[in-house]
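Chains, contacts and geometry: an overview
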Amino acid sequence: MSIEKRVEATAKNIEGKLQEAVGEVTGNPEDQAEGKAKQAESQVLHTIENIKDEVKKIID
């Protein structure tokens, strides 16, 4: 398990939530969409790390 990768993914999720919120407050749909995309990317990164963990358990 890569703690660094999980921290990066969590930071990207927080950044995405903030950007989405700013987009909602300012009425900027582009910021909202970018924020949602960052959150989705974060989920993908977490899933990848989870898969790596499971494969490592199987191998060990």
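Shown above is the structure to which this text applies.
None of these values were measured; they are calculated from a predicted model. (Residues numbered from 1 in each chain as written. Predicted model: local features only at pLDDT ≥ 70, side-chain atom pairs only at ≥ 80, totals over all residues. Heavy atoms only, no water.)

**A closer look at the overall build of the chain**
A tally of helices and strands in the chain yields 2 helices and 0 strands. Here the C-alpha radius of gyration of the chain, 15 Å, is well above what a compact globule of 60 residues would show, namely 10 Å. The dimensions of the chain, computed from C-alpha atoms along their principal axes, are 50 × 15 × 10 Å. Counting across all 60 residues of the chain, residues that qualify as buried make up 22%. Summarising the internal contacts of the chain: among those between residues at least 6 apart in sequence, 47% fall at separations of at least 24. (Helix = DSSP H or I, 4+ residues; strand = E, 2+ residues; numbered from the N terminus. Rg over C-alpha atoms; globule rule 2.2 N^0.38 Å. Buried < 20%, exposed > 50% of the residue type's maximum accessible area, 1.4 Å probe, protein only. Contact = heavy atoms within 4.5 Å.)

**A look at the environment of Glu15**
Relative to the elements of secondary structure, Glu15 occurs in helix H1 (residues 3-26). The exposure class assigned to Glu15 is partly exposed, which follows from its relative accessible area of 38%. A polar contact of 2.8 Å, which involves the side chain of Glu15, links it to the side chain of Lys38. (Polar contact = N/O pair within 3.5 Å; in protein donor to acceptor, adjacent residues only side chain to side chain.)

**Examining the environment of Ala33**
Structurally, Ala33 is set in helix H2 (residues 29-59). Exposure remark for Ala33: the relative accessible area of 47% places this residue in the partly exposed category. Along the sequence, Ala33 and Gln19 sit 14 residues apart, while their C-alpha atoms lie 8.8 Å from each other.

Remember that the coordinates give geometry; whether it matters functionally is a separate question.
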